[in-house]
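Reading the structure
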Amino acid sequence: MTPSPPTVLTVTETTHTQTTPPGPADRTRSPEFRLAADALRGLRQDLFHQAFAYRPLPRMAVDGPLTRHLSGRLRAYAAWTPHAVVAAGGVVALAAGVTGADAGAPALLCGLLALAPVLLTLVRPVGAFWLSFAATAASSVLGSNWGSWPWLPGSLVSHLLVLTVVAIRTRPRTAAWMWLLTALYGFWAETAFGYAHYDTDTAPLLVVSALVLLVVTVRHIRRQAEQEVTAQQTVTEHERSRRTLLEERTTIARELHDVVAHHMSVVAIQAEAAPYRVENPPPELEKAFATIRENAVAALTELRRVLGVVRAEDYEAPDAPQPTLADLDGLLANVREAGLTVEKAVTGAVRELPQGVELSAYRIVQEALSNTLRHAPGASARVEIGYVLGGLGVRIVNGPPPAPSLLKPSPGAGHGITGMRERVSMLNGEMTAAPTAEGGYEVTVFLPVPAATAAIEGEA
């Protein structure tokens, strides 16, 4: 028997991708649907989520223009003014509820039902809104006033007070939801149960409540705008202070660059000339001086790079060296030509101080006299320089302006005190700046100078 030939099966692999039909989860939501969903989410967050959460009404601040003049006990009582106003409104609602129902137990119950939601706004504002609906429905059953529906007089006053207090204590969106739910309840009650009543009061309540809630909303928006402006002004002032501080520090760095560069240049020149002052110097000494000169030149190169970092776009290198206390007479002469009467007094043994100290002292005197010209024109000033054992004392004081009522706001940037404090802080000194008892202004500065540093500067 001849065997049958083998059967060859050819299998072809295919990839089949099945697309899930679009369902509710994958369907692109329309803008209207998203708007409605966001609105319902806001309704749940404002009026359903933790509706009966405990939120006591805070006491009023007593630092206002009227309450600040009260005595201690009266100010303590004045802090409870919002609570007293709400309680007084509750008493009015109680009276309206009692008079709007039949005498006896129904009248008392209607009055209490009108009072309870108003008082609840003091601790649970959103819960008070829902309680007002329940109290309105109960009052409509207990009361017998067939001419007013669905709000009896007590319920109408109570619900209007609740809307107002809750709107004040929450936000505008909550007020809008409360007004809308009030309208829906009123129209539903009129449609379902208003056939046996002569008149309805839903429309008057909605009109009055809309006006009240509009006023409250405008108040909320205005207060929020004021808070945002105040916060923005605070941020702007903080940023301005930081920018002013950075500008002053940059100015000080540029000035100190010239001082440090001068010293490094002297070191480089002395290191280059020192081997020629010694006959037959050893190779180690020549190598040491060469290393000193190379390091000084490298330091000068790095200083130029630092200056390039802190240099302003319009900065130009000064042609003259940085001023010292020896140039103070020229500064005073310029100030006198500007119309300021200024005197100078020097005490102690005059000596040469580190150039950074003298430059800072000169700039402090310059800025203080500029402030005098700007803020107290016509006043006289006095500059006192005291050389003491531990450093340098500087005092600039000016008298009051002759006609303070004629002074105009200064257009200056007002950075003088900041710059002076930065210079003093850089040198680990102390500074005070405050008005004097006579109506002028006084700036007192002490810049410490260690004895060893002063001796080195004197030898140089």
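Residues numbered from 1 in each chain as written. Predicted model: local features only at pLDDT ≥ 70, side-chain atom pairs only at ≥ 80, totals over all residues. Heavy atoms only, no water.

Some thoughts on the environment of Ala 128
Positionally, Ala 128 belongs in helix α5 (residues 125-142). Accessibility expressed as a relative area gives 0% for Ala 128, which makes it buried. Sequence-wise, Ala 128 and Val 118 are 10 residues apart; in three dimensions their C-alpha atoms are separated by 7.0 Å. Not counting chain neighbours up to four residues away, the residues in contact with Ala 128 comprise Pro 117, Leu 120, Thr 121 and Val 162. (Helix = DSSP H or I, 4+ residues; strand = E, 2+ residues; numbered from the N terminus. Buried < 20%, exposed > 50% of the residue type's maximum accessible area, 1.4 Å probe, protein only. Contact = heavy atoms within 4.5 Å.)

Here's the deal with the packing of helix α11 (residues 355-375) against helix α12 (residues 416-426)
Close contact between α11 and α12 brings their axes to 10 Å; oriented N to C, the two are set at 160°. For the element pair α11 / α12, the angle class is roughly antiparallel. Considering the relative orientation of α11 and α12, their crossing is left-handed. Residues Ser 360, Arg 363, Ile 364, Glu 367, Ala 368 and Asn 371 of α11 touch α12, and the partners they reach there are Gly 416, Ile 417, Met 420, Arg 423, Val 424 and Met 426. For the contact of α11 with α12, the class distribution of residues is six nonpolar, three polar and three charged. (Axes fitted to C-alpha atoms, helices over the stretch in contact; angles between N-to-C directions. Parallel < 35°, antiparallel > 145°, perpendicular 65-115°, else oblique. Left-handed = near helix turned anticlockwise from the far one by under 90°. Nonpolar A, V, L, I, M, F, W, Y, C, P; charged D, E, K, R; others polar.)

Some details on the side chain of His 83
Its place among the elements puts His 83 in helix α3 (residues 81-99). Here Leu 57 takes part through its backbone oxygen, which lies 2.8 Å from a polar atom of the side chain of His 83. With residues near it in sequence (within four places) discarded, His 83 still touches Leu 57, Pro 58, Arg 59 and Leu 122. (Polar contact = N/O pair within 3.5 Å; in protein donor to acceptor, adjacent residues only side chain to side chain.)

Digging into unusual backbone geometry
Of note, the phi angle at Gln 50 is positive, near 50°, even though the residue is not glycine. Tracing the sequence through the fold places Gln 50 in the loop between α1 (31-48) and α2 (72-78). For Asn 428, which is not glycine, the phi torsion reads 60° and is therefore positive. Of note, Asn 428 is situated in the loop between α12 and β4 (430-435).

Here we look at the pairing of strand β5 (residues 441-448)
In this sheet, β5 lies alongside strand β3 (residues 391-398) in antiparallel orientation, the contact comprising eight bridges. Looking at β5, one finds that Gly 393 is bridged to Phe 446. Bridging between β4 and β5 involves six bridges; their strand directions are antiparallel. Counterpart to Glu 430 in the pairing with β5 is Phe 446. Counted along the chain from β4 to the antiparallel partner β5, the turn is five residues long, and its residue Gly 439 has a positive phi close to 105°. (Pairing = 2+ DSSP bridges.)

A few points about α11
Spanning 21 residues, α11 covers 30 Å between terminal C-alpha atoms, matching the ideal 30 Å at 1.5 Å per step. In terms of residue burial, α11 counts as a mostly covered element, since 15 of its 21 residues are buried. (Expected span 1.5 Å × (residues − 1).)

Concerning the nonpolar core
Ranked by size, the top nonpolar core spans 31 residues in total, and within it Leu 369, Val 383 and Leu 392 carry the most contacts. Broken down by element, the residue count for this core peaks at seven residues, all from α11. Every residue in contact with Leu 369, bar those within four places of it in the chain, is listed here: Leu 332, Val 335, Leu 340, Val 342, Ala 381, Val 383 and Ile 396. (Core = buried A, V, L, I, M, F, W, Y, C linked by side-chain atoms within 4.5 Å.)

A look at a nonpolar patch on the surface
A surface patch of nonpolar side chains, amounting to about 340 Å² of accessible area, comprises Leu 108, Leu 109, Leu 112 and Leu 142. Broken down by element, the residue count for the nonpolar patch peaks at three residues, all from helix α4 (residues 105-120). Here Leu 142 falls in the partly exposed class, since its relative accessible area comes to 34%. (Patch = residues over 30% accessible without salt bridge, like charges linked within 9 Å, V, L, I, M, F, W, Y side chains within 5 Å. Areas by Shrake-Rupley, 256 points an atom, 1.4 Å probe, with all protein chains shown as cover. Salt bridge = Lys/Arg side-chain N within 4 Å of Asp/Glu carboxyl O.)

Some words on the pattern of salt bridges
All told, the structure shown has 10 salt bridges when counted by the stated rule. The closest approach of N and O atoms between Asp 46 and Arg 171, which form a salt bridge, is 2.8 Å. Of this pair, Asp 46 sits in helix α1 while Arg 171 sits in the loop between α6 (153-169) and α7 (172-193); the two residues are 125 residues apart in sequence, bridging distant segments of the chain. Asp 46 sits in the buried class, given a relative accessible area of 8%. The salt bridge involving Arg 240 is made with Glu 237; its shortest N-O contact spans 2.7 Å. Taken together, the positions of Arg 240 and Glu 237, both in helix α8 (residues 202-273) and three residues apart, correspond to about one turn of that helix. In this structure Glu 237 comes out as partly exposed when scored by relative accessible area, which is 43%. Taken together, the shared-partner salt bridges connect Glu 343, Arg 382, Glu 384, Arg 395 and Glu 442 into one network.

Section: the environment of Asn 371
Relative to the helices and strands, Asn 371 resides in helix α11. Looking at Asn 371, the relative accessible area reads 15%, which means it is buried. Not counting chain neighbours up to four residues away, the residues in contact with Asn 371 comprise Ala 376, Gly 416, Ile 417 and Met 420. Polar contacts involving the side chain of Asn 371 include one to the side chain of Arg 374, which spans 2.9 Å.

Focus on the confidence of the model for the protein chain
Mean pLDDT over the protein chain stands at 81; residues scoring 70 or higher make up 82%. Confidence drops under a pLDDT of 50 for residues 1-20, and excluding neighbours within four residues, the segment shows zero contacts in the predicted structure. (pLDDT = per-residue confidence, 0-100.)

Points about the sheet that holds strand β2 (residues 380-388)
What the five strands build is an open sheet, ordered β1-β2-β3-β5-β4; its pairing is mixed. The sheet is open, and its two edges are formed by β1 (341-347) and β4, each paired on a single side. On average, each strand axis in the sheet is tilted by 10° relative to the strand beside it, whichever way the strands run. Relative to β2, β1 runs parallel, the two sharing seven bridges.

Thoughts on the packing of aromatic side chains
Scanning the model with the defined rule gives seven aromatic pairs in all. With a centroid separation of 5.3 Å and 65° between ring planes, the pair formed by Phe 129 and Trp 130 is classed as edge-to-face. The class of Phe 129 is buried, set by a relative accessible area of 0%. Ring geometry for Trp 130 against Phe 133: centres 6.2 Å apart, planes inclined by 50°, an arrangement best described as tilted. Of this pair, Trp 130 and Phe 133 both sit in helix α5, three residues apart, which is roughly one turn of that helix. Under the relative-accessibility criterion, Trp 130 is labelled partly exposed at 24%. Residue Phe 133 is classed as buried on the basis of its relative accessible area of 11%. By the ring-pair criterion, three or more aromatic residues cluster together here, those being Phe 48, Phe 129, Trp 130, Phe 133, Trp 151, Tyr 185 and Trp 188. (Phe/Tyr/Trp six-rings, centres within 6.5 Å; stacked < 30°, edge-to-face > 60°.)

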